[in-house]
Amino acid sequence: MSAVIPIQLDQGCSDAPVLLERGQREVFCGLTGIIWLHRKMQDAFFLVVGSRTCAHLIQSAAGVMIFAEPRFATAILDERDLAGLADAQDELDRVVQRLLERRPDIRLLFLVGSCPSEVIKLDLSRAAGRLSERFMPQVRVLNYSGSGIETTFTQGEDACLAALVPVLPISIQPHEPELLIVGALADVVEDQFARLFTAMGIQRFAFFPSRRSTALPAIGPQTRFLLAQPFLADSARALEDRGARRVPAPFPLGAEGSAAWMQAAGAAMGLSAERVEQAIAPARQRAELALAAHRALLAGKHVFFFPDSQLEVPLARFLARELGMQLSEVGTPYLHRQHLAEELAWLPAGTALSEGQDVEKQLDRCRALRPDIVVCGLGLANPLESEGFTTKWSIELVFTPIQGFEQAGDLAGLFTRPLTRRQLLAA
Ligand code: SF4
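First, a word on what this report is: a plain description of the structure on this page. Quick caveat: nothing in here was measured; it's all calculated off a predicted structure.

### Quick word on the sheet that holds strand 11 (residues 326–332)
Read across the open sheet, the six strands follow the order 1-12-11-10-13-14; overall the sheet is parallel. The outermost strands of the open sheet, each flanked by one partner alone, are strand 1 (18–22) and strand 14 (391–393). Going across the sheet, the axis of each strand differs from the next one's by a mean of 20°, ignoring polarity. Here strand 11 pairs with strand 12 (residues 353–357) via three bridges, running parallel. Its bridge partner lying in strand 12, Thr-332 is registered against Glu-355. Most of the contacts of helix 12 (residues 312–323) go to strand 11, to which it runs at about 170°, and overall it touches strand 10 (302–305) and strand 11.

### Side note on the packing of aromatic side chains
Under the criterion given, the structure shown has 10 aromatic pairs. Centre to centre, the rings of Phe-205 and Phe-207 are 6.1 Å apart; their planes meet at 85°, and the pair counts as edge-to-face. Within the aromatic cluster, the residues linked to one another by ring pairs are Phe-193, Phe-197, Phe-205, Phe-207 and Trp-261. Here Arg-370 stacks its cationic end above the ring of Phe-389, 4.3 Å away from the centre of that ring.

### Examining the environment of Asp-358
Tracing the backbone shows Asp-358 in the loop between strand 12 and helix 14 (359–369). Of the residues examined, Asp-358 reaches a relative accessible area of 16% and is grouped as buried. Among all residues touching Asp-358, those that are not within four sequence positions of it are Glu-21, Arg-22, Gly-23 and Gln-24.

### Comments concerning helix 8 (residues 187–200)
At 3.6 residues per turn, the α-helix brings residues three or four places apart onto the same side. With 14 residues, helix 8 should cover 20 Å at 1.5 Å per step; its first-to-last C-alpha distance of 20 Å lies within 8% of that length. Among all positions of helix 8, only Val-189, Glu-190, Gln-192, Phe-193, Ala-194, Leu-196, Phe-197 and Met-200 are buried. In this structure, the buried side of helix 8 is in contact with helix 1 (33–40), strand 6 (178–182), strand 7 (205–208), helix 10 (254–268) and helix 11 (273–298). Remark: Gly-201 follows helix 8 within two positions and exhibits a positive phi of approximately 100°.

### Side note on the nonpolar core
Membership of the largest hydrophobic core comes to 107 residues, with the highest contact counts inside it found for Phe-46, Phe-110, Tyr-144, Phe-197 and Met-262. Not counting residues within four places of it along the chain, the set of residues in contact with Phe-197 comprises Leu-179, Ile-181, Ile-202, Phe-205, Phe-207, Trp-261, Met-262 and Ala-265. Counting residues in each nonpolar core, the second largest holds 21 residues, with Phe-45, Ala-88, Leu-122 and Phe-135 among its members.

### A closer look at the site of the ligand
Close to the ligand lie Cys-29, Leu-31, Cys-54, Leu-57, Ser-114, Cys-115, Pro-116, Ser-147 and Gly-148, which account for all nearby residues. Mapped onto the shell around the ligand, the elements with two or more residues apiece are helix 2 (52–62) and helix 5 (115–119). Tallied by class, the residues present in the shell around the ligand amount to six nonpolar, three polar and no charged.

### Concerning the pattern of salt bridges
Overall, the coordinates contain 25 salt bridges when judged by the stated rule. One salt bridge in this structure joins Arg-237 and Asp-234, with 3.2 Å as the shortest N-O distance. Of this pair, Arg-237 and Asp-234 are both found in helix 9 (residues 233–241), three residues apart, which corresponds to roughly one turn of the helix. Residue Asp-234 is classed as partly exposed on the basis of its relative accessible area of 37%. The partner of Glu-396 in a salt bridge is Lys-392, with the nearest N and O atoms 2.6 Å apart. What makes Lys-392 buried here is its relative accessible area of 6%.

Procedures and definitions
- Residues numbered from 1 in each chain as written.
- Predicted model: local features only at pLDDT ≥ 70, side-chain atom pairs only at ≥ 80, totals over all residues.
- Heavy atoms only, no water.
- Pairing = 2+ DSSP bridges.
- Helix = DSSP H or I, 4+ residues; strand = E, 2+ residues; numbered from the N terminus.
- Axes fitted to C-alpha atoms, helices over the stretch in contact; angles between N-to-C directions.
- Contact = heavy atoms within 4.5 Å.
- Phe/Tyr/Trp six-rings, centres within 6.5 Å; stacked < 30°, edge-to-face > 60°.
- Lys NZ or Arg CZ within 6 Å of the ring centre and 35° of its normal.
- Buried < 20%, exposed > 50% of the residue type's maximum accessible area, 1.4 Å probe, protein only.
- Expected span 1.5 Å × (residues − 1).
- Core = buried A, V, L, I, M, F, W, Y, C linked by side-chain atoms within 4.5 Å.
- Near = heavy atom within 4 Å.
- Nonpolar A, V, L, I, M, F, W, Y, C, P; charged D, E, K, R; others polar.
- Salt bridge = Lys/Arg side-chain N within 4 Å of Asp/Glu carboxyl O.

Written out as structure tokens, the structure is:
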């Protein structure tokens, strides 16, 4: 009898150790999520209950958008509120009343908590309940926290969607599975995905958040949800609490990631792999072709990720597997092992992973490794450029449509551009 020879499966970074760091951080708070959420949810308004600091943050993050009468604002807590001289709940009622009179187009109002509102323990959920009672059915009022104490950058979207889940209607569809795509995607990406699902033969699918609050998707035990973004831990838990089940998949970045994501969607809806492949093949080929040109420039180059959006692990996987880049370090604000299981298995074994931040130590590691390109926030980008590093502003990866086949080339372009620019300037 021959002995069984154990087969060593390459599990990538599934069980890899992660450097946990806690210290000074260079990240946004969750309020910044409002910038893309208000564009996606076209009849919603986001009222931050915070300080002038919060108003300044939103204004600078939104850039020129603030001149287009956007659907967000800050109710500024002043000294009287902070000292308890005024009843903040009464003040808030007055502000909301004035706002809804001025903007009758609003159907969904979010009261967004901030560090100051949390520190003085202003009960925004009570306020939301009271105001909802007063303004329903015209306007529903919900609340979530986007504070820097509780949330980092994209976690603001997670908190917002998690607040919406309890008000989603109950699906009356009896037994057939229905597919829910979770995570705010650019409209153009959403339309492309919808076309591919239809080509695959999936009829019962919906996107969450929906563009209008009057058309929220219904959910129930037959709902299978597929995350389109890696930072939705609380939303996923809230959906599971309502009986929906998550479909495990890597995230739809690059040709390979998008194909695997589509395959997961098809399998959850009972379709064969061949059927899905047939529907996605032309788009997949276009994506692979678009990537080839970038691969020539990026292959072998070293990339270092500072933590920012939780998109770092899927992005690193895409850069390593589809463009041949070397990963110096992949930093992420939070590492959700379960939601990232497929991604971690795809990362090259031995990749240096870090969670959280101690910015000075991380800068030292980055300087020692001298990567060809550093992905980091705006606060670090120019100082690192002045030290001779090539940087990519990570915020662009959140604001630009990067998911799906048609965007794969554009996504690679976000990394080739800074390298090409540096070459041109050096020439
Ligand atoms: S919520 Fe907190 S971290 Fe964010 S801008 Fe306001 S004070 Fe700053």
